[in-house]
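What the coordinates show
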Amino acid sequence: MTLPLCAQCKRFGGQLPASFTTSLLSYSSISIMGGKTAVVTGATGLLGRQVLKAFANNDWTVKGTGFSRADGTDILKVDLTNADELKKVLDDVKFPDKVDKDPEGTRALNVEAPRALARLCAERGILLTYISTDYVFPGKPGDAPYENNAEPAPTNLYGQTKLEGERAVLHEFQMAGKEGLGVVLRVPVLYGSAKSNAESAVNVLMDSVLKAQQEGANINMDHWALRYPTNTEDIGRVLKDIAAKYLETSDRNSLPRILQFSSEDKYTKYEICQLFAEINGLPIDRIKPNTEGNDPNASVQRPYDCHLSTKALKDLGIDVSTQDFVGWWRREFRAFRH
C-alpha cells in the first residue's frame, strides 16, 4: 500500500511558501503549497490516483508525479530514488511479495527515498506525510487493535523497511528542528478502482475466482490471517483532511507525529473470494480454504491480526468513516458487467 502532489511555483517568484506541505506514501507523496496548491507523487498508482482526485475535487490546484506513466504535463516524471530529481521538483516545480526478492531495491524505495525527501522538505519548511503500513506490528493473536503509540515489531522485510522509513522521516525533521512538519500515516491493505487487478492485493483475488472456473484448477487460499481492506478513495479524503488540519494549526508540535487509518471490515483472503464469487454467481469449489496458522517453531511468524486503531485521527476531529466493502464491490461488478 503510495502518492505525490506538485504545483507550479514560479508564480511565487521562485520562493517556496511557508505553508507548502508534502505527503509521502511508500513511493508516493503529497506536497501542499500556499493557496491550496498541491503535488501528489506516485499519482499514477492505485492510491495516488484517488489522492489526486480527492484534492482536485475540493478546489485544490493539483499536479502529480510518476515515472513510467508520466505524460510530462499533468503527471511529471520523477524518480523518487534520485535525490537530484526530488530537489528539482521541490525547488523548480514547488509543490510484500516482491520485497524479499529485491531487498536492496525495497530499502531504497521505502527508506532512502523518503529520507532524502524528508531532508529536502525539512530544509524548506514543507509538511511531509509518509504513508506506512499496518505490517510494522507483529499481529499476534489478541494484540489488536494497535494504537498509534504501540511498540512496532515487524515480522517481515516489508514491515521492517516501512518502519525504518517512518523513523528516517521523523528523524530528519527532528534534526532540522521542524518536528511538527513530519507526519506518518499507517494504512492496511488497499482496494479500489484499478487499471488492473494486480494493482491491489484485494482486487487480484478476483483473478483467483476466475481461475477457479477452469477445469482442473486447485487453489489454496489463506483462511487464517485477518485483513481490513480499506478503500483508496477514503484514504485520499483522510490525507486531504490531515493536510488541512496540520496547515491550519499554528502549534503543530501539539499534534501527533503518527496517525493510523483503517476500515473496520474484517476478512480472510478466502472470505473475500467467497464474497466475489457470491456477487458474480460463480462457484468456488476449486478454491480450498487454508486454515493453517503459524508453525510455532518457525523463525519468522506471519501476522495474524494487525488491525489499526483510528483513535488519534478521531481525537483530531477527522472523519474516519469508510465505504461499505460489500456495497462497493456490488456496485463495481455491476458497472463492469454493463
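In the block above lies the structure referred to throughout.
Counting from 1, residues in each chain are numbered in the order their sequence is written. Predicted model: local features are reported for residues with pLDDT of at least 70 only, side-chain atom pairs are reported and counted for 80 or more only, and whole-chain, interface and lining totals are derived from all residues. For side-chain calculations, the full set of non-hydrogen atoms in the structure is used, while hydrogens and water are omitted.

Looking at the overall build of the chain
To keep things clear, this is the line we draw: Note on conventions: DSSP H or I runs of at least 4 residues are helices, E runs of at least 2 residues are strands, and numbering of each starts at the N terminus. A simple rule labels every residue: compare its accessible area, found with a 1.4 Å probe on the protein chains alone, to the largest value its type can have, and call it buried under 20%, exposed over 50%, or partly exposed in between. Calculation of accessible area relied on Shrake-Rupley with a 1.4 Å probe; when residues are assessed, cover is drawn exclusively from the protein chains displayed.
Looking only at helices and strands, the chain features nine helices and 12 strands. Counting only residues that meet the buried cut, the chain has 52% of its 338 residues in that class. For the chain, the accessible area works out to roughly 15,100 Å², and carbon and sulfur atoms hold 47% of it.

Quick look at the packing of helix 1 (residues 46-56) against helix 6 (residues 232-248)
The following threshold applies: Between the N-to-C directions of two axes lies an angle of 0 to 180 degrees, each axis being a line fitted to C-alpha atoms and, for a helix, fitted only over the stretch in contact. To sort the angles, those under 35 degrees are grouped as roughly parallel, those over 145 as roughly antiparallel, those from 65 to 115 as roughly perpendicular, and the leftovers as oblique. Crossings are sorted by hand: turned counterclockwise from the far helix by less than a right angle, the near helix makes the crossing left-handed, and turned clockwise it makes it right-handed. Contacts between residues were defined by any pair of non-hydrogen atoms, one from each residue, lying within 4.5 Å. Residues are grouped as follows: nonpolar covers Ala, Val, Leu, Ile, Met, Phe, Trp, Tyr, Cys and Pro; charged covers Asp, Glu, Lys and Arg; every other residue, Gly included, is treated as polar.
For the pair helix 1 and helix 6, interaxial distance at closest approach is 8 Å and the crossing angle is 50°. When the interaxial angle is binned, helix 1 and helix 6 end up oblique. For helix 1 against helix 6, the interelement crossing comes out right-handed. Facing helix 1, whose interface residues are Leu46, Leu47, Gln50, Val51, Ala54 and Phe55, helix 6 presents Thr232, Glu233, Ile235, Gly236, Arg237, Leu239, Lys240 and Ala243. In terms of residue class, the contact of helix 1 with helix 6 is built from eight nonpolar, three polar and three charged.

Section: the pattern of salt bridges
Where we set the bar: Salt bridge, as used here, is a side-chain nitrogen of Lys or Arg placed within 4 Å of a carboxyl oxygen of Asp or Glu.
Here the structure, examined in full by the defined rule, presents 13 salt bridges. Two residues, Glu172 and Arg119, come together in a salt bridge whose shortest N-O distance is 3.2 Å. With a gap of 53 residues between them, Glu172 in helix 4 (residues 157-175) and Arg119 in helix 3 (residues 103-124) connect regions that are remote in the sequence. Since its relative accessible area comes to 37%, Arg119 is described here as partly exposed. Across the salt bridge formed by Glu215 and Arg286, the nearest N and O atoms sit 3.3 Å from each other. Here Arg286 lies in the loop between helix 7 (269-280) and strand 12 (287-290) and Glu215 lies in the loop between helix 5 (205-211) and strand 9 (219-222), a separation of 71 residues in the sequence. Judged by its relative accessible area of 25%, Arg286 falls in the partly exposed class. Sharing partners across several salt bridges, the network here consists of Asp222, Arg227 and Arg302.

Considerations on helix 7
Threshold: One less than the residue count of a helix, multiplied by 1.5 Å, gives the span that helix is expected to have.
Its 12 residues place the ends of helix 7 17 Å apart at the C-alpha level, agreeing with the 16 Å of an ideal helix rising 1.5 Å per residue. Those residues of helix 7 that sit buried are Tyr270, Ile272, Cys273, Leu275, Phe276, Ala277 and Ile279. Phi turns positive, to about 65°, at Gly281, one or two residues after helix 7.

Some details on the packing of helix 3 against helix 4
At a closest axis distance of 8 Å, the pairing of helix 3 and helix 4 adopts a crossing angle of 15°. In this view, helix 3 runs roughly parallel relative to helix 4, as classed from their interaxial angle. Relative to helix 4, the crossing made by helix 3 is right-handed. Counting all contacts with helix 3, which are made through Pro103, Thr106, Arg107, Asn110, Val111, Pro114, Arg115, Ala118, Arg119, Cys121 and Ala122, the residues of helix 4 involved are Leu157, Tyr158, Thr161, Lys162, Glu164, Gly165, Ala168, Val169, Glu172 and Phe173. When grouped by side-chain class, the residues that make up the contact of helix 3 with helix 4 number 11 nonpolar, four polar and six charged.

Focus: unusual backbone geometry
Residue Pro145 is bonded to the preceding Ala144 through a cis peptide linkage, with omega at 5°. Of note, Pro145 is situated in the loop between strand 6 (127-133) and helix 4.

Describing the side chain of Gln323
Worth spelling out the cut-off: Polar contacts, as counted here, are pairs of nitrogen or oxygen atoms within 3.5 Å of one another; within protein the pair requires one atom able to donate a hydrogen and one able to accept it, and residues that are adjacent in sequence qualify only if both atoms are side-chain atoms.
For Gln323, the location among the structural elements is in the loop between helix 8 (311-315) and helix 9 (325-337). Polar side-chain contacts of Gln323 include one of 3.3 Å to the side chain of Glu233. Sequence-distant contacts of Gln323, that is, excluding residues within four places in its chain, are made with Tyr191, Asn231, Glu233, Asp234, Asp265, Trp328 and Arg331.

A short note on the nonpolar core
How we decide: What makes a nonpolar core is a set of buried Ala, Val, Leu, Ile, Met, Phe, Trp, Tyr and Cys residues whose side-chain atoms join them at distances within 4.5 Å.
In this structure, Phe173, Leu185, Ile242, Tyr246, Leu259 and Leu313 are the most contacted members of the largest nonpolar core, which totals 39 residues. Put simply, the parts of the chain that give this core at least two residues each are helix 1, helix 3, strand 6, helix 4, strand 7 (182-187), helix 6, strand 11 (258-260) and helix 8. Per-element accounting of this core gives the leading share, six residues, to helix 6. Leave out the neighbours within four places in its chain, and Leu185 touches Thr129, Tyr130, Ile131, Ser132, Leu239, Ile242, Leu259, Gln260 and Phe261. Ranked by size, the runner-up nonpolar core spans 23 residues in total, among them Met206, Leu275, Ile284 and Trp328.

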